[in-house]
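# Summary of the model geometry
Residues per chain are reported as follows:
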Amino acid sequence: MSTPPFLTLPTCARAERVVTGRGEFAALRAEPAGPVRGSALLVPGFTGSKEDFIALLEPLASAGYRVTAADQRGQYETGGPDDPAAYGVGALGADVRALTEALAVDGAPLHLLGHSFGGQVVREAVLAAAAEGPLPWRSLTLMSTGPGAIDPAEAARTKLLLDALQGMDLEQIWQVMRQLEAESGQPRPSLEPAVAEFLHRRWLANVPRSLSVTGGHLVAAPDRVAELAAATAGLPLLVLSGVQDYAWPVPEQTAMAERLGARRVVVADAGHSPNAERPAATAEALTAFWG
C-alpha cells in the first residue's frame, strides 16, 4: 500500500462525497486559486485510498488544475457491499465513468490517472467508453502499473493474503503482517504516529470481499495493451513510474509505453508510489504532460 507523507489537507483542498449515478464516493478535492486550466481524476490502487494522492493536491492546484482523488468502491471511506460483482474491474471501471460524468459538468478538460491496480481499472473504463463513442477524457496516465498480472514474487505474497482472507479477519491479518515485517529484518520505516494510525484504520476499513476480488485480478490479470492502444488512438498517453517497482518491473512498464505509443517518465529516487514518495517531481511531470 502507499504511505502518504502527511494527512493534513492543504488550504486549497477539502474532503467531500461525490454523488454519481452509481452512488457516492469519498473524495479529496483541490481547487486552483486562479484560472482553471483543466481537471483531473486520480484513482488509487489495491489497498490504497484517495490519501495516496494528498501530496499532489497543492502542486497540481497551484498549476491551475482542479483535482479529485477518490476512494474506489470497497476502499476506506467509500465502502461497498459484500457482493463480488461490485469489485470486478468492469464494475470498478463503470464507477470511474460515473465519476467522470459527475466531474465534467463545467466543461473543463478532464485528465484521467490510475495508480497501480487503479491503472487497470481506468483501462477498463477507457475500453468500455471507446466501445460506445468518443472518449470523455483529455488524456490518460498509467502510474506504476503494468500490462497484465503482477510480478510473480508479488503475486505469491498476494496469494497468501487471499488465503488468509478465507479464515481471518482484517485485524488478525494486520497483526500477522506486522509480525512478518519485524521478523524479516526489514521493518517498515519509522512513521509519524498519525500516519501509522491512519494506515491501520484504512486497512480495517477495506471491504474484505473487495480485497479478495481485486487481489484475485492482480495475480491473473490479462494483457489488454493492444486493445487499449487501439481504443486510445489520438488520446495523449503517459506511462509514469519510479526507478524501482515491486509490482511490475520497470522495464515491463517501459515496454508497455512503447506498445501504447505513450510518453514515458521515470521519477528519480522513487519506487512504486512516486505520488507519495516524490510528489513534487511527479506533479511537475504531470503538469508538463497535461499542458
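Okay, so let's go over this structure.

### What about the packing of helix α5 (residues 170-184) against helix α6 (residues 193-205)?
In the contact formed by α5 and α6, the axes pass within 9 Å of each other and the chain directions differ by 135 degrees. Overall, the two elements α5 and α6 adopt an arrangement that is oblique. Judged by the sense of rotation from one axis to the other, the crossing of α5 with α6 is right-handed. Facing α5, whose interface residues are L170, E171, I173, W174 and M177, α6 presents L199, H200, W203 and L204. Tallied by class, residues from the contact of α5 with α6 come to seven nonpolar, one polar and one charged.

### Focus on the side chain of Q72
Within the secondary structure, Q72 sits in the loop between β4 (65-70) and α2 (89-103). Classification of Q72 by relative accessible area gives buried; the value is 6%. Polar side-chain contacts of Q72 include one of 2.8 Å to the backbone oxygen of P44. Not counting residues within four places of it along the chain, the set of residues in contact with Q72 comprises V43, P44, T78, L92, F117, G118 and V121.

### Overview of the pattern of salt bridges
Going through the model one piece at a time under the given rule, you end up with 18 salt bridges. Of the charged contacts in the structure, one is a salt bridge between R201 and E197, with a shortest N-O distance of 2.9 Å. Of this pair, R201 and E197 both sit in helix α6, four residues apart, which is roughly one turn of that helix. Its relative accessible area of 42% is what places E197 among the partly exposed residues. Three or more residues are tied together by salt bridges with common partners; here these are K50, E51, D71 and E77.

### Regarding helix α7 (residues 208-220)
Each α-helix winds once per 3.6 residues, and so residues spaced three or four apart point in a common direction. When the terminal C-alpha atoms of α7 are compared, their 19 Å separation across 13 residues agrees well with the 18 Å that a helix rising 1.5 Å per residue should span. Buried within α7 we find S210, L211, T214, G215, H217 and L218. Here the buried residues of α7 occupy an arc of 155 degrees about the axis, which is enough to place them on one side. At its buried positions, α7 is contacted by α2, α3 (117-130), α4 (152-164), α5 and α6.

The rules behind the values
- Residues numbered from 1 in each chain as written.
- Predicted model: local features only at pLDDT ≥ 70, side-chain atom pairs only at ≥ 80, totals over all residues.
- Heavy atoms only, no water.
- Axes fitted to C-alpha atoms, helices over the stretch in contact; angles between N-to-C directions.
- Helix = DSSP H or I, 4+ residues; strand = E, 2+ residues; numbered from the N terminus.
- Parallel < 35°, antiparallel > 145°, perpendicular 65-115°, else oblique.
- Left-handed = near helix turned anticlockwise from the far one by under 90°.
- Contact = heavy atoms within 4.5 Å.
- Nonpolar A, V, L, I, M, F, W, Y, C, P; charged D, E, K, R; others polar.
- Buried < 20%, exposed > 50% of the residue type's maximum accessible area, 1.4 Å probe, protein only.
- Polar contact = N/O pair within 3.5 Å; in protein donor to acceptor, adjacent residues only side chain to side chain.
- Salt bridge = Lys/Arg side-chain N within 4 Å of Asp/Glu carboxyl O.
- Expected span 1.5 Å × (residues − 1).
- Arc of directions from axis to C-beta.

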